[in-house]
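# Summary of structural features
So the chains spell out like this:
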Amino acid sequence: MTTPVPFLDVCIGDEGSHNEQLEAYNVACELVKKNAKIYGLPESPELLSDEQREILQEIHFTPPVPLLVGRLEFTLDPAPGLSKTRDNFLSLCKGDKGMCKNAPNKALYYKSVPIHRVVKDFVAQGGDITRGDGSGGESIYGGKFADAKEGLKNKFKLGSLGMANSGKNSNSSQFFITLTDNEAMLAKLNGKFVCFGQVKNLDDGGMDVLRRMTSAEQIAFNDPHKPHPNSIEAFRIRLSDIKTAIARSRRDWDGHEPKMWKRASGISDDQLIGDIELERDLVLVRSGETTYGLILLGKIRVGTNDNQQGFIHVRIHHPAGTASDNWTFHSIWTDEGTRDVDGKASTYNAIQWQDTPLEFFNE
């Protein structure tokens, strides 16, 4: 029996604009075909002369550039310990598990789900089947599931397939594909994310798809600046969620990598986050527009056990086309801490120093 090959067809572009152009082109085709004999025109728009095109210049005679740029086929790691991860990905590719439990109007299916984040020459991340922007996702098991130890031991390379997460044992439907062979950059992923597959058709069109993905349009963020009242209010709407996420992350990482929160190891949650006043403690913000709404990054001052200023970097976003107060908490950021003798990150920090740049993140 032949084992089915999981694949993802990758499209790049604005679907709404593409559909409008396609509709206009189809109207042009029908118009030319209908009147070709009457006016002595060819039956296909592509065969019109320059003079004929100029006369009919208001009509779209050129078909839009296809959104589909190619297909990525995957080989999944057959290790027994990765069976749960494999089954999750395969079912989401096929869409054979029905609807989400936590979002009943969303299918457990990758079809038409966006690649919501592309870090040039690093990773492309997608698979958020519930929200489409990196703040959601759901596995076929009804929520999140644990990291597979075999996958944490695998080393990432160009074209690797990994599970995106928001901390220990938080795999859902989100995945990422690596776009680089730079070992120093890939080392940031090793041991932190489950690697469970590999693009198998790199030499048969897959490499071109990865190149197209890494060169896709990037989000343009403004420079870090002091927050305006609207920014303060946006973070205030989600402050309770931010505090809850900080406290939960601290607990989740304590047994897995306590150094993540070492700067808060000697203080309580209340000492860490209980005294946040946004007018005083939200010190920098950045914003950027995306196809799914406005992203807002903020640097918030928190308590520490080293008597020095510490900051949490937070991402929230406002979904396009929703009410003005509909801000959604997304994530807190962790950056690399110390490195081992091989240059690989050996610890990560959740509390940043004052001079740590406020950069775009989606982790």
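So, a few notes on the structure that sits alongside this text. (Residues numbered from 1 in each chain as written. Predicted model: local features only at pLDDT ≥ 70, side-chain atom pairs only at ≥ 80, totals over all residues. Heavy atoms only, no water.)

What follows concerns the overall build of the chain. Along the chain, the regular secondary structure elements total 10 helices and 13 strands. Each of the 363 residues in the chain was classed as buried or not, and the buried ones make up 47%. Within the chain, residue pairs in contact and separated by at least 24 positions form 66% of the contacts whose partners lie at least 6 positions apart. A total accessible area of about 19,200 Å² is found for the chain, and carbon and sulfur atoms account for 49% of it. (Helix = DSSP H or I, 4+ residues; strand = E, 2+ residues; numbered from the N terminus. Buried < 20%, exposed > 50% of the residue type's maximum accessible area, 1.4 Å probe, protein only. Contact = heavy atoms within 4.5 Å. Areas by Shrake-Rupley, 256 points an atom, 1.4 Å probe, with all protein chains shown as cover.)

If you look at the biggest cluster of nonpolar residues, it comprises 35 residues, and the most contacted ones within it are Leu72, Phe74 and Phe89. Those elements that place two or more of their residues in this core are β1 (7-11), β2 (68-76), α3 (83-94), β5 (160-163), β6 (175-178), β7 (195-199) and α6 (202-214). Excluding its chain neighbours within four sequence positions, the residues that come into contact with phenylalanine 89 are Pro6, Leu8, Phe74, Leu76, Tyr110, Leu161, Phe175 and Phe196. The next biggest cluster of nonpolar side chains, apart from the first, holds 31 residues, and it includes Ile267, Ile300, Trp327 and Ile351. (Core = buried A, V, L, I, M, F, W, Y, C linked by side-chain atoms within 4.5 Å.)

Read from one edge of the open sheet, 7 strands run β1-β2-β7-β5-β6-β4-β3, paired in antiparallel fashion. Lying at the two open borders of the sheet, with one neighbouring strand each, are β1 and β3 (117-119). Neighbouring strand axes in the sheet, compared pairwise and without regard to direction, differ in orientation by 25 degrees on average. With 3 bridges connecting them, β2 and β7 associate as antiparallel partners. Within the sheet, the bridge partner assigned to threonine 75 lies in β7 and is glutamine 198. α3 rests against β1, β2, β5, β6 and β7 of the sheet, and its axis sits at about 150 degrees to β2. Packing of α6 onto the sheet brings it into contact with β1, β2, β3, β4 (123-126), β6 and β7, and relative to β2 it is tilted by some 120 degrees. (Pairing = 2+ DSSP bridges. Axes fitted to C-alpha atoms, helices over the stretch in contact; angles between N-to-C directions.)

Glancing now at the pattern of salt bridges. The full count for this structure, using the stated rule, is 11 salt bridges. Residue arginine 263 is joined to aspartate 306 by a salt bridge in which the shortest nitrogen-to-oxygen separation is 2.7 Å. Of this pair, arginine 263 sits in the loop between α8 (239-254) and α9 (269-273) while aspartate 306 sits in the loop between β9 (293-302) and β10 (310-319), placing them 43 residues apart in sequence. Judged by its relative accessible area of 8%, arginine 263 is buried. (Salt bridge = Lys/Arg side-chain N within 4 Å of Asp/Glu carboxyl O.)

Bringing unusual backbone geometry into the picture now. A positive phi angle is found at serine 112, which is not glycine, with a value near 70 degrees. Along the chain, serine 112 falls in the loop between α3 and β3. For serine 112, a relative accessible area of 72% corresponds to the exposed category. With phi around 55 degrees, asparagine 169 is a residue other than glycine that occupies positive phi space.

Further remarks concern α6. End to end, α6 covers just 15 Å across 13 residues, shorter than the expected 18 Å (1.5 Å per residue, more than 12% under). Within the span of α6, buried status applies to Leu202, Gly206, Val209, Leu210, Met213 and Thr214. The buried residues of α6 occupy one face: seen down the axis, they fall within an arc of 130 degrees. On its buried face, α6 is in contact with β1, β2, β3, β4, β6 and β7. (Expected span 1.5 Å × (residues − 1). Arc of directions from axis to C-beta.)

The grouping of Asp14, Glu15, Glu20 and Glu23 at the surface amounts to a negative patch. Here glutamate 23 lies in helix α1 (residues 15-39). You can call glutamate 23 exposed: its relative accessible area is 52%. (Patch = residues over 30% accessible without salt bridge, like charges linked within 9 Å, V, L, I, M, F, W, Y side chains within 5 Å. Lys, Arg positive; Asp, Glu negative; His and termini not counted. Charge placed at Lys NZ, Arg CZ, Asp CG, Glu CD.)

Another aspect to go through is helix α7 (residues 229-237). The α-helix advances 3.6 residues per turn, and as a result positions three or four apart in sequence lie on the same side. Taken together, the buried positions of α7 are occupied by Ser231, Ile232, Ala234 and Phe235. Burial along α7 is one-sided: seen end-on, the buried residues are contained in an arc of 160 degrees. For α7, the exposed residues lying more than 90 degrees away from the buried face are Pro229 and Asn230.

Mapped onto the secondary structure, alanine 320 falls in the loop between β10 and β11 (328-332). C-alpha separation for the pair alanine 320 and leucine 294, spaced 26 residues apart in sequence, amounts to 7.1 Å.

By the secondary structure assignment, valine 123 is in strand β4. Expressed as a C-alpha distance, the spacing of valine 123 and leucine 158, which sit 35 residues apart in the sequence, is 9.5 Å.

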